[in-house]
Amino acid sequence: MEVTKRPLQEDETDRQELSLPQKKYYRQRAHSNPIADHDFDYPSCPEAYDWSTLYPDVTNAKSNIYNKRVEMLDIGCGYGGLLVTLSPMFPDSMILGMEIRVKVSQYVIERIKALRANQPNCYNNIACIRTNAIKYLPNFFKKGQIKKMFFLYPDPHFKKSKHKWRIINDTTLSEYAYVLAEEALVYTVTDVKDLHEWMVQHFSEHGLFKRVQDDDLKDDPVVDKLYESSEEGKKVTRNNGDKFLAVFMRIKDSDL
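These figures come from a predicted structure and were not determined experimentally.

Observations concerning unusual backbone geometry
- Backbone geometry at Tyr123 places phi at a positive 65°, although glycine is not the residue there.
- With respect to the element layout, Tyr123 can be found in the loop between helix H4 (102-118) and strand E3 (126-130).
- The phi torsion at Tyr153 lies on the positive side, around 50°, for a residue other than glycine.
- Classification of Tyr153 as buried rests on a relative accessible area of 10%.

Describing the nonpolar core
- The biggest cluster of nonpolar side chains holds 43 residues, and the ones touching the most others in it are Leu96, Phe141, Met149 and Tyr176.
- Residue contacts for Leu96: discarding those within four places in its chain leaves Trp51, Leu54, Tyr55, Val70, Met72, Leu73, Asp74, Leu83, Ala127, Cys128, Ile129 and Phe141.
- Counting residues in each nonpolar core, the second largest holds 31 residues, with Met72, Cys77, Phe90 and Val189 among its members.

Some words on the pairing of strand E7 (residues 244-250)
- The element E7 is extensively covered by neighbouring structure, given that five of its seven residues are classed as buried.
- As judged from the six bridges shared by strand E5 (residues 180-190) and E7, these two strands associate in the antiparallel manner. Residue pairing across strands places Tyr187 opposite Val247, the latter belonging to E7.
- Relative to E7, strand E6 (residues 209-211) runs antiparallel, the two being bridged by three bridges.

Cut-offs and rules
Residues numbered from 1 in each chain as written. Predicted model: local features only at pLDDT ≥ 70, side-chain atom pairs only at ≥ 80, totals over all residues. Heavy atoms only, no water. Helix = DSSP H or I, 4+ residues; strand = E, 2+ residues; numbered from the N terminus. Buried < 20%, exposed > 50% of the residue type's maximum accessible area, 1.4 Å probe, protein only. Core = buried A, V, L, I, M, F, W, Y, C linked by side-chain atoms within 4.5 Å. Contact = heavy atoms within 4.5 Å. Pairing = 2+ DSSP bridges.

Set out below in C-alpha cells:
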C-alpha cells in the first residue's frame with residue numbers, strides 16, 4: 001500500500017530551516033597554520049568594508065546606533081560561545097568573532113543566523129568572519145578602535161619549532177596595540193601553563209601593555225564568563241583541568 005506523506009505546514013518548514021546548526025557537522029582539526037597562505041577576502045582598508053552585511057539591523061540608517069563600529073573582538077572565537085554570552089551583556093556594542101577554520105566559522109555564522117531568527121531583536125550586535133587575525137587586523141579596524149579583545153584557549157602549538165605560530169608574539173602584539181584603544185583590555189585564558197607563562201611574558205615585556213592585577217578584576221562582569229562560555233572551557237571543566245587567566249591593559253601613549 002502506498003503511503004502518502006503529509007506535507008509540512010509552513011511553520012514546521014520554518015522551524016526546520018531555523019534550527020540551530022549541529023556541531024558534529026562542522027568539526028575540524030584544531031590546528032591551523034596561521035602563517036600559511038589561505039584564501040581570504042579582506043578590504044584594502046577599514047573604510048572599504050561593508051559592515052551592513054554582518055550587522056544589518058545595527059548599521060541600518062534608521063537605527064539609533066547608526067555609524068557605530070566594532071569595539072569588541074574575540075580572536076579565534078571557536079564555536080561562538082563567548083559571542084553569544086556577551087551579546088545581551090553589551091547590547092549597544094558591536095562584537096565580532098574572527099576564526100581561521102572554515103567549518104568552525106561557518107558554524108558560528110549559521111548559529112547567529114538561527115538565533116536572530118528565533119529570537120527577534122536579539123543577537124543583532126554579534127557576527128563572525130573567517131579571516132587570519134595575525135595578518136589582516138589593520139585591514140578591518142582603525143587605530144584605537146577596539147576596547148576589548150579576547151583570546152580564549154588559543155592553540156598552544158606545543159612544539160618549539162611551531163611557537164612562531166602562536167597568536168601571541170612580539171610582532172602580533174604590536175598589531176593588536178595598534179587597533180586597541182588606550183586603556184582597552186585584553187583577556188587571555190588557557191589551560192596550558194606553559195602557554196600562560198608565554199603570554200604573560202610577552203605582554204609584560206612589550207612596551208604598550210601592562211598586566212591588570214587580580215584585585216582590579218573583581219568588579220569586571222566579563223571575567224566570570226571567560227571560563228565556561230566557550231566549548232573548550234567546558235571541556236577543560238569536564239576534565240578537571242586548570243585554567244589560567246591574565247588580563248592586560250593597553251597603556252596610554254602619553255605614558256610611554
